[in-house]
Amino acid sequence: MAIKAEKTRKNLDVESIRKDFPILQTKVHGKRLIYLDNAATSQKPAQVLKAINEYYTETNSNVHRGAHFLSNKATTLFEEARNTIAAHLNAAPEEIIYTRGTTESINLAAYCYGEAFVKSGDEIVISAMEHHSNIVPWQMICERKNARLKVIPITASGELKMEEYEKLLNAKTKLVAITHISNTLGTINPVEEIIALAHAKGIPALIDGAQAVPHLKIDVKKLDADFYCFSGHKAYGPTGIGILYGKKHWLEQLPPYQGGGEMIKEVTFEKTTYNDPPLRFEAGTPNIEASIALAAAINYINATGLENMAAQEHELLQYATAKLQDIEGLRIIGTAKNKGSVISFVVGGTHPADIGVLLDQQGIAVRTGHHCTQPLMRIFGIPGTVRASFAFYNTLEEVDIFVKALNTALGMLK
Ligand code: PMP
């Protein structure tokens, strides 16, 4: 799935879009904020902030236990939000589990799937470019079950070696867990093909969509993903909410994750019977307002048009890549053909953290460090990178200011 460059900004008025995001007016160290840390978290439009405020001023109540007006209203909005999210992914509402974020979604899937299906000697396949949250939960299940983690290697440009991937799939492989877009390299992985190759051998696949949902149209049916995870906060929604999509037939076979209220049918001291999915996996009071606000974020994305957003982001990526390549000694880490709007780089002997501090002083927010991909940093033989990541509300003018500020910073570090 590629980010297409057609239908460019003619359909997206960035200046008016920026007015939807109040925080973009912020001054940092007396300078205009230029926010290029969108892969860490996105900013939130007024429509999302309004949904949160309205929830607490007009609806606040607990869900699914309603004997009264507000509780029924909260439950209706909470479940309508699930419907909106399901429709956005082309899933059924009962296949949508509310979690705290991608990390919890993957932990939930790893724990429950691992408990049900992984045994001694089995293998789980991940890739060399995974975020720690798509490594560690699988390591934990491997330790518990005496299973083994297998890692798909990557090329120097940061693309998966697909022929090596195929070789890793065998009768012992119990699951493939791959990121859709790398948060460090920007690589967009061919997940449809990855899933098809796994399915050809009867192996299910989980996709970490944390970096994909804000930028690409995701159709879990077309992808044929068995599990798909994302975080609300990277997709213009609030923190503390995420989604685990799971195919109905898988969810029905999985044991619960946590025990408590909501996830039960009946409790006695002798024995408890569990609820059906998705409630089986949603013990305790959920993050109600964040679920509703995530649906508001999805409505915002749909009204703006993912294709328009992706076109703007692609233009920013191309423009910034060309400008950065002109800087002497600068090396871009992650040069895949098919890339999301993320540019990681290192410059000569300078430390990424020093560049980050000097950019911050000029009002520019980037991320520096290992980006929760330490094994990947080891492969490239670097301690970390500077990462600029763009959203559709960024402008070419901001890229110019960023590149100028970077040159100033590099001059100071010489
Ligand atoms: N996977 C990827 C690819 C990510 O970029 C991130 C966030 N950096 C995560 C997983 C974890 O997301 P969260 O912290 O929202 O749970």
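What counts, and at which threshold
Residues numbered from 1 in each chain as written. Predicted model: local features only at pLDDT ≥ 70, side-chain atom pairs only at ≥ 80, totals over all residues. Heavy atoms only, no water. Pairing = 2+ DSSP bridges. Helix = DSSP H or I, 4+ residues; strand = E, 2+ residues; numbered from the N terminus. Axes fitted to C-alpha atoms, helices over the stretch in contact; angles between N-to-C directions. Buried < 20%, exposed > 50% of the residue type's maximum accessible area, 1.4 Å probe, protein only. Parallel < 35°, antiparallel > 145°, perpendicular 65-115°, else oblique. Left-handed = near helix turned anticlockwise from the far one by under 90°. Contact = heavy atoms within 4.5 Å. Nonpolar A, V, L, I, M, F, W, Y, C, P; charged D, E, K, R; others polar. Arc of directions from axis to C-beta. Near = heavy atom within 4 Å. Polar contact = N/O pair within 3.5 Å; in protein donor to acceptor, adjacent residues only side chain to side chain. Areas by Shrake-Rupley, 256 points an atom, 1.4 Å probe, with all protein chains shown as cover. Lys, Arg positive; Asp, Glu negative; His and termini not counted. Salt bridge = Lys/Arg side-chain N within 4 Å of Asp/Glu carboxyl O. Domains from an automatic or database assignment. Buried area = accessible area lost by both parts, 1.4 Å probe.

A few words now on the sheet that holds strand S17 (residues 385–389). Strand order in the open sheet formed by 4 strands is S13-S14-S17-S16, and the pairing between neighbours is antiparallel. This sheet does not close on itself; its edge strands, each paired only once, are strand S13 (330–333) and strand S16 (367–369). Adjacent strand axes in the sheet meet at a mean angle of 30°, parallel and antiparallel pairs treated alike. Direction of pairing for S13 relative to strand S14 (residues 342–347): antiparallel, over a ladder of 4 bridges. Paired with Arg331 across the two strands is Val346, which belongs to S14.

A few words now on unusual backbone geometry. Cis rather than trans, the peptide bond between Pro277 and Pro278 has omega equal to 5°. Of note in this structure, Asn90 is not a glycine but carries a positive phi near 60°. By relative accessible area, Asn90 is classed as partly exposed at 33%.

Let's shift gears to the packing of helix H4 (residues 102–117) against helix H5 (residues 136–145). At a minimum axis distance of 9 Å, the contact between H4 and H5 shows a crossing angle of 20°. As summarised for this structure, H4 and H5 are arranged roughly parallel, according to the angle between their axes. In this structure, H4 crosses over H5, and the sense of that crossing is right-handed. Between H4 and H5, the contacting residues are Ile106, Asn107, Ala109, Ala110, Tyr111, Gly114 and Glu115 on the first element and Pro137, Trp138, Ile141, Arg144 and Lys145 on the second. Class assignment of the residues belonging to the contact of H4 with H5 gives a composition of 7 nonpolar, 2 polar and 3 charged.

Take H5 next. Among the residues of H5, Pro137, Trp138, Ile141 and Cys142 are the ones counted as buried. On an axial view of H5, the arc spanned by its buried residues comes to 140°, and they lie on one face. Where H5 is buried, its residues meet H4, strand S5 (123–127), strand S6 (148–152), strand S7 (173–179) and strand S8 (205–208). Asn146 occupies a position one or two residues after H5 and carries a positive phi of about 60°.

Moving on to the site of the ligand. By nearness alone, 13 residues border the ligand, and Thr103, Asp208, Gln211, Ser231 and Lys234 come closest of all. Within the contact set of the ligand, a nitrogen atom lies 3.2 Å away from a side-chain nitrogen or oxygen of His131. Asp208 places a side-chain nitrogen or oxygen 2.5 Å from a nitrogen atom of the ligand. If the ligand stood free it would expose 400 Å²; the protein chains cover 85% of that surface.

Before going further, it helps to examine the side chain of Arg280. Its location among the elements puts Arg280 in the loop between strand S12 (272–274) and helix H10 (288–304). No salt bridge is formed by the buried Arg280; its nearest oppositely charged neighbour, Asp276, is found at 4.4 Å. A polar atom in the side chain of Arg280 sits 2.8 Å from the backbone oxygen of Leu254. A polar side-chain atom of Arg280 sits 2.8 Å from the main-chain carbonyl oxygen of Asn275.

This paragraph deals with the domain arrangement of the protein chain. By domain assignment, the protein chain separates into domain 1 (14–38 + 305–412) and domain 2 (51–302). Averaged C-alpha coordinates put domain 1 and domain 2 at centres separated by 28 Å. Contact with domain 1, which involves 34 residues of that partner, is made by 27 residues of domain 2. Here domain 1 packs against domain 2, burying approximately 2,400 Å² in sum over the two surfaces, 59% of which is carbon and sulfur. Ranking the residues of domain 1 by area buried against domain 2 places Leu306, Cys372 and Leu376 at the top, with a combined share of 23%. Where domain 1 packs against domain 2, one counts 0 salt bridges. If you list the elements that add at least two residues to the side of domain 1 that touches domain 2, you get helix H11 (306–325), S14 and helix H13 (374–380). Looking at side-chain class alone, the side of domain 1 that touches domain 2 contains 18 nonpolar, 11 polar and 5 charged residues.

Before going further, it helps to examine the pairing of strand S10 (residues 242–246). Judged by how many residues are buried, S10 sits mostly within the fold: 5 of 5 residues are covered. Of the two faces of S10, both are covered, the one formed by Gly242, Leu244 and Gly246 as well as the one formed by Ile243 and Tyr245. The pairing of strand S4 (residues 96–99) with S10 spans 4 bridges and is classified as antiparallel. Counted as the bridge partner of Ile96 is Tyr245 from S10.

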